[in-house]
Structures are given as structure tokens and as C-alpha cells.
Amino acid sequence: QVQLVESGGGLVQPGGSLRLSCAASGSIFSIYVMGWYRQAPGKQRELVATITSNGNSAYADSVKGRFTVSRITAKNMVYLQMNSLKLEDTAVYYCNADLVPGLGYSRVYYWGQGTQVTVSS
């Protein structure tokens, strides 16, 4: 069984910063891509940022230049540094991992339970 546990969400004023963390644990053979998605009330879940095992990252246009995704591959950890937060960044943020749980197994996507980020004055 694989678990992804996020932490670091909270309430912040516009222009402020937050850092999200996600730890993957359990039966993990290899993690290819880790990333962050978010879902605002009444909207679909959307990609925020992803990072591969060799450090290649990608971002949604709406967060480029403000958010930075990073990863410690050896510890199965991924982070999201969020700066210059805007009201529209308010959402539940979910950690995602594209991984192989064991030798010979297929790749599977796993999700964390989500952490609330609220940007409000």
C-alpha cells in the first residue's frame, strides 16, 4: 500500500508565501513523476506543477514565476514553494505520484488527501 501525505497548507494574505510538502511511503519501487494539483470550489482539478525523477519541472501558466516545485528523490518527498499568492490560488492542493509499487508491476497514479490553501485578506 502506498500513502501520500501532504502538509503545509493554511491561511495566508495576498502576496504571502506558503510551502507545501508531500511524503510518499509504503510499497514503492520507483517514482517517475511527482506533482501538485489543485481544486477550487466548483471547478475541476487542475495541474499546478510536476517534476520528474531527474529534476525536469513543468508549471501551469497561472503559477509560472511564482511557484517552485522541488523534490528529494531519495526520500520520496516533493515540495511546492508558493510565493506572491493571489486570491485565485485558494484551493485544495493535492499531491500526486506516478510510480511503480514493485518490480514487474505497472505504473500507478496515487493521490494524497489534500491540504487547504486559503488566500484571503
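Refer to the structure above for everything that follows.
Not measured: the values here are computed from a predicted model.

Turning to the side chain of aspartate 98, a few remarks are in order. With respect to the element layout, aspartate 98 can be found in strand β9 (residues 91–100). When its relative accessible area of 6% is taken as the criterion, aspartate 98 is described as buried. A distance of 2.5 Å separates the side chain of aspartate 98 from the side chain of arginine 107, its partner in a polar contact. Those residues in contact with aspartate 98 that lie beyond four places of it in its chain are Ile31, Tyr32, Val33, Arg107, Val108 and Tyr109.

Attention shifts here to the sheet that holds strand β3 (residues 18–26). The strand order across the open sheet formed by four strands is β1-β3-β8-β7, and the pairing between neighbours is antiparallel. Because the sheet does not close on itself, it has two edges, and the strands there are β1 (2–7) and β7 (67–72). Geometrically, the sheet is characterised by an average inter-axis angle of 15 degrees between neighbouring strands, direction not taken into account. Sheet topology places β7 next to strand β8 (residues 77–82); six bridges connect them, and they run antiparallel. Note that in β8 the partner of threonine 68 across the bridge is glutamine 81.

Before going further, it helps to examine the side chain of arginine 38. Along the chain, the position of arginine 38 falls in strand β4 (residues 30–39). In terms of polar contacts, arginine 38 uses its side chain to reach the side chain of glutamate 46, at 2.7 Å. Here aspartate 89 takes part through its side chain, which lies 2.9 Å from a polar atom of the side chain of arginine 38. In this structure arginine 38 touches Gln44, Arg45, Glu46, Val48, Ser62, Val63, Phe67, Glu88, Asp89, Ala91, Val92 and Tyr93, once residues within four positions along its chain are discounted.

Taken as a whole and judged by the stated rule, the model has one aromatic pair. With a centroid separation of 5.0 Å and an interplanar angle of 70 degrees, the aromatic rings of tyrosine 37 and tryptophan 111 are classed as edge-to-face. You can see tyrosine 37 sitting in strand β4 and its partner tryptophan 111 sitting in strand β10 (residues 108–111), a full 74 residues away along the chain. Here arginine 19 stacks its cationic end above the ring of tyrosine 79, 4.1 Å away from the centre of that ring. Across from the ring centre of tyrosine 94, 3.7 Å away, lies the NZ or CZ of arginine 45, which sits over that ring.

On the secondary structure map, asparagine 83 appears in the loop between β8 and β9. Taking the C-alpha atoms as reference points, asparagine 83 and valine 100, separated by 17 residues in sequence, lie 32 Å from one another. Ignoring sequence-local partners within four residues, the contact set of asparagine 83 consists of Gly16, Ser17, Arg66 and Phe67. Of the polar contacts made by the side chain of asparagine 83, one reaches the side chain of glutamine 81; its length is 2.9 Å.

Here is what the cut-offs are and how they apply
Residues numbered from 1 in each chain as written. Predicted model: local features only at pLDDT ≥ 70, side-chain atom pairs only at ≥ 80, totals over all residues. Heavy atoms only, no water. Helix = DSSP H or I, 4+ residues; strand = E, 2+ residues; numbered from the N terminus. Buried < 20%, exposed > 50% of the residue type's maximum accessible area, 1.4 Å probe, protein only. Polar contact = N/O pair within 3.5 Å; in protein donor to acceptor, adjacent residues only side chain to side chain. Contact = heavy atoms within 4.5 Å. Pairing = 2+ DSSP bridges. Axes fitted to C-alpha atoms, helices over the stretch in contact; angles between N-to-C directions. Phe/Tyr/Trp six-rings, centres within 6.5 Å; stacked < 30°, edge-to-face > 60°. Lys NZ or Arg CZ within 6 Å of the ring centre and 35° of its normal.

Structural measurements only, silent on function.
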